[in-house]
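Secondary and tertiary structure notes
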Amino acid sequence: GTRNIKDAASVAQKINEIISAPFNLDEKETRIGISIGIACYTGDTSTLDDLVFRADKAMYEAKLAGKNTYRVG
């Protein structure tokens, strides 16, 4: 439901904040960017493949929106 999506989005935001924090690699400041796709099981999700498809589609939408973001599919 809506609460599950909000919880997943909150976790995705926290992951993005942690992953995107700069760190040193060979004495150079380095950053990693990620894109996260979220799909939650709902009544209209009939199979595991459908759930994975929705998460994958959401991830590509996040990539198009820019780095360090997430989308819900």
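Preceding this section is the structure that the text describes.
Scope of this entry: the structure provided in the associated data block. Predicted model, so just to flag it, every value in this text is computed and none were measured.

Moving on: the overall build of the protein chain. Within the protein chain, the regular secondary structure consists of two helices and four strands. From first element to last, N terminus to C terminus, the protein chain shows the α and β order α-β-β-β-α-β. At 14 Å, the protein chain has a C-alpha radius of gyration far larger than the 11 Å of a compact globule built from 73 residues. Dimensions of the protein chain, computed from C-alpha atoms along their principal axes, come out at roughly 50 × 20 × 20 Å. Of all 73 residues assigned to the protein chain, the portion counted as buried reaches 16%. Accessible area for the protein chain stands at about 5,500 Å²; split by element, carbon and sulfur atoms hold 55% of it. In the protein chain, 10 side chains carry a positive charge and 10 a negative one; their mean positions are 5 Å apart.

Cut-off values and rules
- Residues numbered from 1 in each chain as written.
- Predicted model: local features only at pLDDT ≥ 70, side-chain atom pairs only at ≥ 80, totals over all residues.
- Heavy atoms only, no water.
- Helix = DSSP H or I, 4+ residues; strand = E, 2+ residues; numbered from the N terminus.
- Rg over C-alpha atoms; globule rule 2.2 N^0.38 Å.
- Buried < 20%, exposed > 50% of the residue type's maximum accessible area, 1.4 Å probe, protein only.
- Areas by Shrake-Rupley, 256 points an atom, 1.4 Å probe, with all protein chains shown as cover.
- Lys, Arg positive; Asp, Glu negative; His and termini not counted.
- Charge placed at Lys NZ, Arg CZ, Asp CG, Glu CD.

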